[in-house]
Amino acid sequence: MFVFMIKGYSYLLFLCCVCVCEAKCGYAIILMALYWCTECMPLAVTALLPVVLFPMMGIMESGAVCVQYLKDSNMLFIGGLLVAIAVENWNLHKRIALRVLLVVGVRPALLMSGFMGVTAFLSMWISNTATTAMMVPIAQAVLGQLCATEARQDERELQVEGKDNQAFELDTKRDADSPLERRRKERELKYQLLTKGMSLSVCYSASIGGTATLTGTTPNLILKGQMDEIFPGNGDVINFASWFGFAFPNMIIMLILSWLWLQFMYMGFNMKKSFGCGKKNEGDKEAFAVMKEEYRKLGSMTFAEGAVLTIFVLLVVMWFTREPGFMPGWATVLFNKDGAFVTDGTVAIFMSTLFFIIPSRPFCCGSAEEEEGEAGEEGKKKQKAPAALLNWHVVHERMPWNIILLLGGGFALASGSEASGLSQWLGESLAPLQSIPPFGISLLLCLLVGTFTECSSNTATTTLFLPILASMATAIRLHPLYVMLPCTICASLAFMLPVATPPNAIVFSYGNLKVMDMVKAGFMLNMIGIMTINMGINTWGDAMFQLSTFPDWANITHGTKP
């Protein structure tokens, strides 16, 4: 690894002295791609390389590179994460999850659909990793209770049969292949498949749910940042409302198709058994009691949970109404008459600062702690002010600061490609693709990105591919979003390998799954995802973004060589 890095920097010295600007920038991108794929250095450290490479190569000045690391998209990311941290800190996500599962019920198909729906909804707002880490233990506990109850029920039924038939009872005790043993094996096989299906449903729905909102997963924000960087006159074509309008229906379709596929693989389509037509049995009641007890442990909703929920709902409403598209939003009327002064990032930071201002309990209730006042002869007691909903210690521990650097590294690469003329060169080189139908181009690129993201992080994948896709689309006069949008979503659909995403790794660590289980289920889901996204791009996506026409804001002049 050390030799590999030394060789890389040796070639760097050669390029700085000899080669043209496009080649220097291309080398920097290839070097960073190799470092990201092999992880010979931490991903965030690799993302900082443009700060060193671009000034040394004469591509961009240091100041121009550094400002790329804290743009509006980073502020949107930070604000969204602060909301997610507040939700997790007060266990609001667990309360929502258990409440929904209690409504759905515990019959296998309904339980799986409930877990998938709750997981997808939560991962729209908080991290996929945190959602999966919370939901998997709940699923394991419910399935364990169902299995234990069914085992007791089998024993009771066989005991009743044994009392009526003494020969049957003796045979049950002596024979290793007795009815009791056969039922045990059948039950273990049934719940082994059920556990696999439920575990996969949680991790897959976490990845799918993250695609529905602009802040749901990092690639979405990278797309917005790259669009604003490469096409500065795009008129805020990607914002929270427009992204949700396209991605949410796509997420619903993918979630339903994924549920059907996992249901087919691990449970079959026995409507009576799966959906529970008829009375609830004892196993259902006891499993339901497990979830009810978990919900009871949370107690009644506190003031802090209510405050966090209120801020969360207000933030979402403000995002949707800032620039809805079909009518002037509040930001347009109040602030943005002369320019885009207020963005989604402005709203996210404004609302998230309230967590550090609003107390976690009403002032009238006071604090649980009272201290003796140091001043005063009579030793009067003074009451402490209640703590805020969030404090910096909690934020510092839970905030993924490395992702902020990864976002900045991607924006720096895009800016360097423009400044060096590499984007123009790539666009001219990819011009022959104009003879291929747009649908075919989108489908092929989605397959490429979907394969690549199985072996590298989705952040690195989108960071590397999006500037190239933007150059290609401009060269062949294709709407940039026609290829950039589906490829961004495909980067989050890594279902085949345990190492592909943190949710996959979490469910795999429980020991119930083999790699081949994930490959078999994930391959088909990858295909479903790619086809669903391309269907969306050519239907409601086309209507929303006018993807069949080449926009004026995409007709730009690329950076020239220094």
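All values derive from a computational prediction rather than experimental measurement.

## So, the overall build of the protein
Phase 1: Helix and strand counts for the protein stand at 27 helices and two strands.
Phase 2: Across the protein, contacts joining residues at least 24 apart in sequence account for 79% of those joining residues at least 6 apart.
Phase 3: In the structure as shown, the protein presents an accessible area of about 25,500 Å², 65% of it carried by carbon and sulfur atoms.

## Remarks on the pattern of salt bridges
Phase 1: By the definition in use, this model includes eight salt bridges.
Phase 2: Of the charged contacts, one joins Lys 224 and Asp 228 as a salt bridge, the two residues approaching to 3.3 Å between their closest N and O atoms. With a gap of four residues between them, Lys 224 and Asp 228 both fall in helix α12 (residues 218-230), about one helical turn apart.
Phase 3: Here Lys 224 falls in the buried class, since its relative accessible area comes to 3%.
Phase 4: A salt bridge links Asp 236 to Lys 224; its shortest N-O distance comes to 3.2 Å. In this pair, Asp 236 is assigned in the loop between α12 and α13 (240-266) and Lys 224 in helix α12, connecting sequence segments twelve residues apart.
Phase 5: By relative accessible area, which is 27% here, Asp 236 ends up partly exposed.
Phase 6: Connected through salt bridges with shared partners, the residues Lys 224, Asp 228, Asp 236, Arg 322 and Asp 344 form a single ionic network.

## Concerning the nonpolar core
Phase 1: Core analysis: the largest hydrophobic core is formed by 156 residues, its most contacted members being Phe 54, Phe 115, Met 198, Leu 200, Tyr 204, Val 483 and Met 484.
Phase 2: Of the residues forming this core, the biggest block, twelve residues, is contributed by α13.
Phase 3: When residues no more than four places from it in sequence are discounted, the contact partners of Met 198 are Pro 108, Leu 111, Met 112, Phe 115, Ala 139, Leu 143 and Met 267.

## Description of the side chain of Ser 258
Phase 1: Structurally, Ser 258 is set in helix α13.
Phase 2: At 2.7 Å, the side chain of Ser 258 forms a polar contact with the backbone oxygen of Met 254.
Phase 3: Setting aside chain neighbours within four positions, we find Ser 258 in contact with Met 116, Ile 208 and Leu 525.

## Comments concerning the packing of aromatic side chains
Phase 1: One pass over the full model with this rule turns up 16 aromatic pairs.
Phase 2: Seen in terms of ring centroids, Phe 240 and Phe 320 are 5.3 Å apart; in terms of plane orientation they differ by 80°. Their pairing is edge-to-face. Linking Phe 240 in helix α13 with Phe 320 in helix α16 (residues 303-322), this pair joins segments that are 80 residues apart in sequence.
Phase 3: Linked through ring pairs, Phe 121, Trp 125, Phe 240, Phe 244, Phe 248, Phe 312, Trp 319 and Phe 320 together constitute an aromatic cluster.

## Section: the environment of Phe 545
Phase 1: Structurally, Phe 545 is set in helix α27 (residues 540-545).
Phase 2: With relative accessibility at 7%, the residue Phe 545 sits in the buried group.
Phase 3: In sequence terms Phe 545 and Leu 481 are 64 residues apart; their C-alpha atoms lie 8.1 Å from each other.
Phase 4: Look past the residues within four positions of Phe 545 in its chain and what remains in contact with it is Val 237, Ile 238, Ser 242, Phe 246, His 479, Leu 481 and Leu 485.

## Description of helix α26 (residues 515-537)
Phase 1: With 23 residues, α26 extends 32 Å from end C-alpha to end C-alpha; this agrees with the ideal 33 Å at 1.5 Å per step.
Phase 2: At Gly 522, α26 shows its strongest bend, of approximately 25°.

## Some details on the side chain of Thr 532
Phase 1: Relative to the assigned elements, Thr 532 resides in helix α26.
Phase 2: Residue Thr 532 is classed as buried on the basis of its relative accessible area, which comes to 5%.
Phase 3: Setting aside chain neighbours within four positions, we find Thr 532 in contact with Asn 250, Ile 253, Met 254 and Leu 257.

## Thoughts on a nonpolar patch on the surface
Phase 1: On the surface, Ile 252, Ile 256, Leu 257 and Leu 260 cluster together into a nonpolar patch covering about 290 Å² of accessible area.
Phase 2: Its place among the elements puts Ile 252 in helix α13.
Phase 3: In this structure Ile 252 comes out as partly exposed when scored by relative accessible area, which is 33%.

## Concerning the confidence of the model for the protein
Phase 1: Of all residues in the protein, 82% attain a pLDDT of 70 or more, and the chain-wide mean is 80.
Phase 2: The spread of mean pLDDT over the elements of the protein runs between strand β1 (residues 370-372), the lowest at 43, and helix α24 (residues 480-490), the highest at 93.
Phase 3: Within the model, pLDDT remains below 50 along residues 1-5, and this stretch shows eight contacts once partners closer than five positions in the same chain are excluded.
Phase 4: For residues 558-562, every residue scores under 50 in pLDDT, and the model assigns this stretch 16 contacts once sequence neighbours within four places are set aside.

## A look at unusual backbone geometry
Peptide bonds are mostly trans, and most non-glycine residues show a negative phi.
Phase 1: The backbone of Arg 477 sits at a positive phi, close to 55°, despite the residue not being glycine.
Phase 2: With respect to the element layout, Arg 477 can be found in the loop between α23 (458-475) and α24.
Phase 3: Of note, Gln 546 is a non-glycine position whose phi angle comes to about 50°, a positive value.
Phase 4: Relative accessible area serves as the criterion here: at 46%, Gln 546 is assigned to the partly exposed category.

What counts, and at which threshold
- Residues numbered from 1 in each chain as written.
- Predicted model: local features only at pLDDT ≥ 70, side-chain atom pairs only at ≥ 80, totals over all residues.
- Heavy atoms only, no water.
- Helix = DSSP H or I, 4+ residues; strand = E, 2+ residues; numbered from the N terminus.
- Contact = heavy atoms within 4.5 Å.
- Areas by Shrake-Rupley, 256 points an atom, 1.4 Å probe, with all protein chains shown as cover.
- Salt bridge = Lys/Arg side-chain N within 4 Å of Asp/Glu carboxyl O.
- Buried < 20%, exposed > 50% of the residue type's maximum accessible area, 1.4 Å probe, protein only.
- Core = buried A, V, L, I, M, F, W, Y, C linked by side-chain atoms within 4.5 Å.
- Polar contact = N/O pair within 3.5 Å; in protein donor to acceptor, adjacent residues only side chain to side chain.
- Phe/Tyr/Trp six-rings, centres within 6.5 Å; stacked < 30°, edge-to-face > 60°.
- Expected span 1.5 Å × (residues − 1).
- Bend = angle between axes of the 7 residues up to and from the residue.
- Patch = residues over 30% accessible without salt bridge, like charges linked within 9 Å, V, L, I, M, F, W, Y side chains within 5 Å.
- pLDDT = per-residue confidence, 0-100.

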